[in-house]
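# Per-entry structural report
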Amino acid sequence: MSTIEGKDVRKLIVACDAGMGSSVMLASTLRKQLKGTAVSVEHTPVNSIPADADVIVCHTGLADRARASAPGVVLVPFQVFIGDPAVTRVVAAIKNGGTIDG
Amino acid sequence: MATPYTPTVHGTGVRATIQRFGGHLAGMIMPNIGAFIAWGLITALFIPTGWAPNKTLAELVGPIINVLLPVLIGYTGGRMVHAQRGAVVGAVATMGVVVGADVPMFLGAMIIGPLAALILKYVDRFTAERTRAGFEMLVDNFTAGIVGAATAIAGVLAIGPVVEKVTEVAGDGVAWLVSHSLLPIASVIIEPAKVLFLNNAINHGVLGPLGVAESVKHGKSILFMLESNPGPGLGLLIAYLLFGPRSLRPSTPAAMIIHFFGGIHEIYFPYVLMKPRLILAVIAGGASGVLTFLVTGAGLVATPSPGSIFAYMAVTPKGGWFGVIAGIVIATAVSFAVAAALLGFGRANGDQPDEPVQDTGTNDTTATNDTDDEKRDTTGETAAESVPATKEA
């Protein structure tokens with residue numbers, strides 16, 4: 001279990017199985033929401049999460065693979081692809097300050 | 001809700017392992033889908049029974065499916081294992097299984113591409129410490145060349161014939177299932193596997209390669225439609241819109257658009273996982289869709305990826321619209337009807353989540369409670385009355 005301050009997040013990774021479908025969708029949503037912040041949002045397959053990721057966002061069904069793929073990185077699992085509270089909190093923590101655990 | 005950010009991550013190791021393996025299979029195919037679509041368009045247009053038959057242009061069809069696509073798969077598979085060097089030997093090795101084969105060698109490429117790259121990876125590990133300064137380039141080029149040549153030869157002589165046989169046997173098995181109208185039973189396995197995020201693995205790792213072999217032979221294949229039919233998911237989402245928990249209803253129209261037009265099926269998986277018995281609805285929808293495809297003799301030229309209605313229409317062969325559309329419509333209707341019944345037509349779910357959430361450590365309120373979090377730091381008791389945010393869609 002690790003934590004990160006919202007203001008320290010530089011790279012947010014959205015991961016899905018293939019890194020081409022749902023992750024791209026959520027990443028473009030988050031990119032819009034985080035416009036104006038210094039955070040870069042990228043999407044990747046859950047098996048190849050880059051080493052410099054600060055926060056990983058992925059569906060709970062893929063979370064154990066994300067953990068294995070990037071141990072020690074803050075991981076925020078979510079349940080629904082649209083308007084999930086876990087994701088909303090991450091955005092809020094980055095924008096308004098706050099701690100993200102995962 | 002003690003730690004709202006972190007539902008405990010659990011789930012069986014077996015599932016993650018299967019997912020990971022399937023992810024590798026799909027990972028070799030999916031980056032190349034653009035090439036598949038290109039082939040599908042060329043085929044649909046220019047073959048003798050196509051929209052605009054053209055003998056010269058139809059010559060593209062064979063080499064692309066028999067050589068280019070397998071080589072791309074082998075290349076991608078090699079790259080996954082050992083970066084650019086792996087990609088190169090993966091492509092070379094794939095030529096070994098491609099040459100002389102009568103069927104498109106997708107399975108062969110998926111085996112030999114990563115294998116060749118793995119061999120090179122070990123060779124590199126062996127030589128790295130023993131190479132004298134200044135000789136790295138010479139050694140690297142020749143080890144890659146030797147591994148590539150050796151695996152290509154092994155492909156021609158050993159792996160190719162074996163995989164061709166396996167592909168034929170699997171194809172015969174599918175033909176048997178089709179002729180005995182048993183294919184709808186596949187939905188019993190496919191639909192649950194989909195919502196466990198094995199959708200890409202099944203479609204691109206298993207059904208796609210078999211479908212291509214069939215498509216080349218018969219001009220179309222039903223196998224492309226077993227997993228990718230957007231009907232069952234759409235039916236489920238409509239049922240949620242009308243009869244689901246009130247807090248979830250507002251998010252479903254956006255989900256439907258993303259699912260049906262955008263082709264991102266992952267969007268509906270959570271709705272099943274939240275009420276696991278709804279798996280019966282998508283199974284019923286999937287099976288009736290497959291049955292409709294069977295009865296009408298429907299098939300697609302290439303794999304529709306993503307599983308969007310637009311992708312479906314693009315790879316439907318000339319004259320095949322009716323069966324394809326009928327299968328999608330019927331799957332939607334059946335899935336909707338079953339899901340609506342399972343949701344008690346809205347009566348069973350007031351606002352209390354009545355099912356434990358499968359595979360996650362959160363409870364339903366986490367999922368349903370998605371308004372701005374400032375107002376929502378308390379538990380989700382009032383979630384049902386509030387309107388979830390769908391603004392980003």
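Within each chain, residues carry numbers counting from 1 in the order of the written sequence. The lettering of chains begins at A and the numbering of ligands begins at 1, in the order of writing. Owing to the predicted nature of the model, reporting of local features is limited to residues with pLDDT of at least 70; listing and counting of side-chain atom pairs is limited to 80 or more, with chain, interface and lining totals taken over all residues. Processing note: side-chain calculations cover all non-hydrogen atoms of the structure and skip hydrogens and water entirely.

Attention now moves to the nonpolar core. Definition used in this section: a nonpolar core is a set of buried Ala, Val, Leu, Ile, Met, Phe, Trp, Tyr and Cys residues joined via side-chain atoms within 4.5 Å. Between buried and exposed lies partly exposed: a residue is buried under 20% and exposed over 50% of the maximum accessible area for its type, with that area taken using a 1.4 Å probe on protein chains only. Among the nonpolar cores identified, the biggest contains 117 residues, and A:Leu12, A:Ile49, A:Val55, A:Ile100, B:Leu236 and B:Tyr268 are the most heavily contacted of them. With 10 residues, helix α7 (residues 186-218) of chain B is the largest single contributor of residues to this core. Aside from chain neighbours lying at most four places away, what touches A:Ile49 is A:Ile13, A:Ala15, A:Thr44, A:Ile56, A:Ala66, A:Ser69 and A:Ala70. With 13 residues, the next largest nonpolar core counts B:Val97, B:Met105, B:Ala144 and B:Ile159 among its residues. Counting from the N terminus, the helices are DSSP H or I runs at least four residues long and the strands are E runs at least two residues long. Contacts are assigned to residue pairs that have any heavy atoms within 4.5 Å of one another.

Note: predicted coordinates in regions of low pLDDT should not be interpreted at a detailed level. pLDDT measures the predictor's confidence residue by residue and takes values from 0 up to 100. Summarising the model, chain A shows a mean pLDDT of 88, and 99% of its residues fall at 70 or more. Per-residue pLDDT, averaged within each element of chain A, yields its smallest value for strand β6 (residues 99-101) of chain A (84) and its largest for strand β4 (residues 55-59) of chain A (93).

Turning our eyes to something else, we now look at the side chain of B:Thr127. As for its placement among the helices and strands, B:Thr127 is situated in helix α5 (residues 106-128). Residues contacting B:Thr127, with those up to four places away along its chain left out, are B:Val139 and B:Thr143.

Turning our eyes to something else, we now look at the pattern of salt bridges. If the charged atoms of two oppositely charged side chains come close together, the side chains can form a pair. Residues and elements named next belong to chain A. Basic side-chain nitrogens of Lys or Arg form a salt bridge, by our definition, when they fall within 4 Å of a carboxyl oxygen of Asp or Glu. Taken as a whole and assessed by the stated rule, the structure comprises five salt bridges over all chains. The shortest N-O distance in the salt bridge between Asp-8 and Lys-7 comes to 3.9 Å. Relative accessible area serves as the criterion here: at 39%, Asp-8 is assigned to the partly exposed category. The exposure class of Lys-7 is exposed, given its relative accessible area of 58%. Where salt bridges share partners, they join Lys-11, Glu-42 and Asp-52 into one cluster.

As a further point, take the sheet that holds strand β5 (residues 74-78) of chain A. All names here are of chain A. The rule for pairing is simple: two strands pair if DSSP sees at least two bridges between them. Judged by pairing direction, the sheet is parallel, and its four strands sit side by side in the order β3-β2-β4-β5 without closing on themselves. The sheet is open, and its two edges are formed by β3 (40-45) and β5, each paired on a single side. Pairs of neighbouring strands in the sheet enclose a mean axial angle of 25 degrees, with direction left out of account. Sheet topology places strand β2 (residues 11-16) next to β4; four bridges connect them, and they run parallel. Across the sheet, Val-14 pairs through a bridge with Val-57, a residue of β4. Sitting on the sheet, helix α1 (residues 22-33) touches β2, β3, β4 and β5, and the angle it makes with β3 is about 175 degrees. All axes are obtained by fitting lines to C-alpha atoms, using only the stretch in contact for helices, and the reported angles, taken between N-to-C directions, cover 0 to 180 degrees.

Right, let's get into unusual backbone geometry. All names here are of chain B. In the segment running from Ser-305 into Pro-306, the intervening peptide bond is cis, with an omega of 0 degrees. Looking at the element boundaries, Pro-306 is found in the loop between α12 (279-296) and α13 (309-314). The phi dihedral of Ala-83 falls on the positive side, at around 50 degrees, and the residue is not glycine. Residue placement: Ala-83 occurs in helix α4 (residues 61-98). Classification of Ala-83 by relative accessible area gives partly exposed; the value is 48%.

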